[in-house]
Amino acid sequence: MEQKIKAYNNMLELIGNTPLIKLNTITESFEGNFYAKIEGFNPGHSSKDRIALHIIEEAERKGILKPGDTIIETTSGNTGFSIAMVSIIKGYECILAVSSKSSKDKIDMLRAMGAKVYVCPAHVKADDPRSYYEVAKRMHQEIEGSVYINQYFNELNTNAHYRTTGPEIWNQTGGAVTHLVACSGTGGTISGTARFLKEQNPDIRIIGVDAYGSVLKKYHETREFDPKEIYPYRIEGLGKNLIPTATDFDVIDTFVKVTDEEAAHTAREISRSEGCFVGYTSGAAMQAVKQLAEEGEFDANSKVVVIFPDHGSRYMSKVYSDDWMREQGFFDTVHSEIEEDIQYVK
Ligand SMILES: Cc1ncc(COP(=O)(O)O)c(C=O)c1O
């Protein structure tokens, strides 16, 4: 009798439908019920798989992309990895302009996935010719038949989450979700997901997470771009020094800012308390949940969904390195240095 082979046709079929997992320990003292959407379960280990697949398939559908064409993007690492993965399977060249703030692990991973990488200085203005935005734009002009994903200014980024992340959360919670807490970088995740959820139930509270050193929170409150809000910070993928059109500020109720230090410690705490190995911005999102709980945002009936955007393995030389934490001054009086857990047997 012929055996039925149970196999996926390729990695792309595994994108999306990530699990929603109840948080138990880290939220123990808070009122309400808390669930994490674990985007590290995507085959490229982050939520960016969703937008890479959606944007590339839309370009194919419109006849913009032909076999062998080049896909160009700016990225803090995750989007690049996802685009490189989709490009391999679909047969495109992939060029990535990345920020020098990205971890070495991330850059090496992009190279491992066959991408051509340009590392650009992180602390220059967005319109500086050395910024990764300007470098990507230039490459796009120079390379014939190239497609520039432009995730910060591409409505398809937001649409990808409107079509996938939003409906998944609605179905996984049986429509009971009361709060969404999500990081905002391009804003695609929070805006697309929120737009879908608010269409189902306009009372769902949408809370964006921003970094100190980013303009997003102030812009949301005043609709004014304030350059005085901008200064260097460490966390990658959270906050921005410009206003992305992929962000729909109208569907976000409020923004919460978190520090680099608290986000880093909270990422480590999630891993150690929930057994869920997550990235730096997951720590930021969870830190925002902690601050909101302290402010009395939740009650016993709250069903809070927090999005954990990527997997912890990408941060071994950053938040999961004690040396790095020490160099940043993150082991201070509030967070004393963790006990030495490694025993060297001689
Ligand atoms: C690790 C990480 N977390 C969060 C985000 C924010 O997601 P979005 O760009 O959809 O706002 C990004 C985006 O670059 C990211 O790389």
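Residues numbered from 1 in each chain as written. Predicted model: local features only at pLDDT ≥ 70, side-chain atom pairs only at ≥ 80, totals over all residues. Heavy atoms only, no water.

- Under an unreviewed UniProt entry, the name given to the protein is Cysteine synthase family protein, and the organism recorded is Robertkochia marina.
- According to the UniProt record, the Sequence similarities (unreviewed entry) comment for the protein reads "Belongs to the cysteine synthase/cystathionine beta-synthase family."
- What the UniProt record of the protein gives under Cofactor (unreviewed entry) is the line "pyridoxal 5'-phosphate". (UniProt positions renumbered as here; feature names shortened; annotations may be inferred.)

1. Structural notes on the sheet that holds strand β5 (residues 116-120)
Inference 1: Pairing in this open sheet of 4 strands is parallel, and the strands run β5-β4-β3-β6 from one edge to the other. Each edge of the sheet is formed by a strand with only one pairing partner; in this case those strands are β5 and β6 (146-148). With strand direction ignored, the average angle separating the axes of adjacent strands in the sheet is 20 degrees.
Inference 2: Sheet topology note: the strand β4 (residues 93-99)/β5 ladder contains 5 bridges and is parallel. Looking at the pairing, Ile95 lines up with Lys116 of β5.
Inference 3: Packing of helix α2 (residues 78-90) onto the sheet brings it into contact with β3 (70-75) and β4, and relative to β3 it is tilted by some 165 degrees. (Pairing = 2+ DSSP bridges. Helix = DSSP H or I, 4+ residues; strand = E, 2+ residues; numbered from the N terminus. Axes fitted to C-alpha atoms, helices over the stretch in contact; angles between N-to-C directions. Contact = heavy atoms within 4.5 Å.)

2. Section: the domain arrangement of the protein
Inference 1: Segmenting the protein into domains produces domain 1 (11-46 + 158-328) and domain 2 (47-148).
Inference 2: Distance from the C-alpha centre of domain 1 to the C-alpha centre of domain 2: 23 Å.
Inference 3: Domain 1 puts 39 residues into the contact, and the matching count from domain 2 is 27 residues.
Inference 4: Area buried by domain 1 at its contact with domain 2 is led by Leu12, Glu236 and Arg314, which between them contribute 27% of it.
Inference 5: Counting across the interface, domain 1 meets domain 2 through 3 salt bridges.
Inference 6: Linking Glu39 and Arg50 is a salt bridge whose minimum nitrogen-to-oxygen distance equals 2.7 Å. (Domains from an automatic or database assignment. Buried area = accessible area lost by both parts, 1.4 Å probe. Salt bridge = Lys/Arg side-chain N within 4 Å of Asp/Glu carboxyl O.)

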